[in-house]
2 protein chains.
Amino acid sequence: MKDFLIALEYEGLTSRLKRLSDALLYSTKDLYKSEGLDIEPNWNLIFKLLRDHKEMTITEMSDALQFSHPAIVKIVNKMKKQSYIASYCDKDDKRKQVLSLTKKGYQYMKNLEVYWQNGASVVEDLLVDSPNFLEEITRIEEKINQLNYKQRVLLKLNKE
Amino acid sequence: MKDFLIALEYEGLTSRLKRLSDALLYSTKDLYKSEGLDIEPNWNLIFKLLRDHKEMTITEMSDALQFSHPAIVKIVNKMKKQSYIASYCDKDDKRKQVLSLTKKGYQYMKNLEVYWQNGASVVEDLLVDSPNFLEEITRIEEKINQLNYKQRVLLKLNKE
DNA sequence: CATAGTTATGTAACTGGTTACGCAAATATA
DNA sequence: TATATTTGCGTAACCAGTTACATAACTATG
């Protein structure tokens, strides 16, 4: 059966992006599960952020990833429960929670590297016939950041 | 603050796809809400499917859109509750539910056309500097359909 | 033609995001 | 310095998908 979303062209793109990202997400979860790994999707982002920055707050992470802060809170709390992350209260600003990887976190990260490397290599393979993809999706992200979908549609509607 | 996901290159793509598709999804919902429209994301897909095919079953829709069947069931049930869709039991196969748009459904669809047209036009604008995007994402979808992310990573792991 | 397997659909539980709201701490201002 | 505003973060409720499981109806086969 023909793929209706693809046939829709411009009108199908949003749903295709969701469909593709869901497929990758669930497949990643499935991989972790079948490998018996104690990690969830996007923990890798937090691991890498803290590997590169040593210490960060929730807000800084939410800024760097451009995720809502509750999303970060949820991930971080799970990682704390597994003792991959520790935190202390910033003494200059008591609202802030300063997060960093524990020794256990650093050690566990070593086990994950092989999955990250092969994962990146898979993405590279997926993109090999799509050499402009990364560049072009970056441009789309930039546009959406400047003026979101709703604003753009409203602008068109009001011009009529 | 620099975008960490973009800096991650291959390792950030999956999360960027989700981030982008979520941004579009929530912005679409926001648009519908602020316009007072009685419609949810992806209802448009069902409307269009039934506009083009008159009658379809759950499984046919799930096939055409490549969504899981429970996803279709949920959407269709909501649209039935609003009387945009009616159904009858297939007399040759009593398991099947034959779905079609009601008169109310067709009428309501007319109100939506202007949003669909402008939405498509917005997507066109978003893609104007990304002329290869649609073609290249199609190739990525094809690859994932042939061998999913998990399978690809496992293959690489086992080769080591 | 009885029964084993397959298919269509429904339902439950889960997931990983979001928005909305609240509060305490910090900052700006009158 | 009292008060208004902003900021950091936590929690609740929601949302649109998924997988897993159940059931009834159809199909194929010994």
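Anything mentioned here points back to the structure above.
Residues numbered from 1 in each chain as written. Chains lettered and ligands numbered in written order. Predicted model: local features only at pLDDT ≥ 70, side-chain atom pairs only at ≥ 80, totals over all residues. Heavy atoms only, no water.

Some points on the interface of chain B and chain A
By a frequent convention, interface size equals the accessible area lost on bringing the separate parts together.
In step 1: Between chain B and chain A, the residue contacts involve 74 residues of the former and 74 residues of the latter.
In step 2: For the pairing of chain B and chain A, the buried interface totals around 8000 Å² over both sides, and the portion due to carbon and sulfur atoms is 67%.
In step 3: Of all residues in chain B, the largest losses of buried area upon contact with chain A belong to Phe-4, Tyr-10 and Tyr-149 of chain B, amounting jointly to 10% of the total for that side.
In step 4: There are twelve salt bridges connecting chain B and chain A.
In step 5: We note a salt bridge from Asp-125 of chain B to Lys-156 of chain A, for which the minimum N-O separation is 2.8 Å.
In step 6: Counting across the interface, chain B meets chain A through 35 residue pairs in polar contact (both at pLDDT 80 or more).
In step 7: Mapped by element, the contributors of at least two residues to the side of chain B that touches chain A are α1 (4-7), α2 (13-34), α3 (43-53), α4 (58-65), α6 (103-127), α7 (133-146) and α8 (149-159) of chain B. (Contact = heavy atoms within 4.5 Å. Buried area = accessible area lost by both parts, 1.4 Å probe. Salt bridge = Lys/Arg side-chain N within 4 Å of Asp/Glu carboxyl O. Polar contact = N/O pair within 3.5 Å; in protein donor to acceptor, adjacent residues only side chain to side chain. Helix = DSSP H or I, 4+ residues; strand = E, 2+ residues; numbered from the N terminus.)

Let's talk about the pattern of salt bridges
In step 1: Counted under the stated rule, the structure contains 24 salt bridges over all chains.
In step 2: Here Arg-51 of chain A ties to Asp-52 of chain A by a salt bridge, and the two come within 3.1 Å at their closest N and O atoms.
In step 3: With relative accessibility at 30%, the residue Arg-51 of chain A sits in the partly exposed group.
In step 4: When its relative accessible area of 44% is taken as the criterion, Asp-52 of chain A is described as partly exposed.
In step 5: Residue Lys-143 of chain B is joined to Asp-129 of chain A by a salt bridge in which the shortest nitrogen-to-oxygen separation is 3.0 Å. (Buried < 20%, exposed > 50% of the residue type's maximum accessible area, 1.4 Å probe, protein only.)

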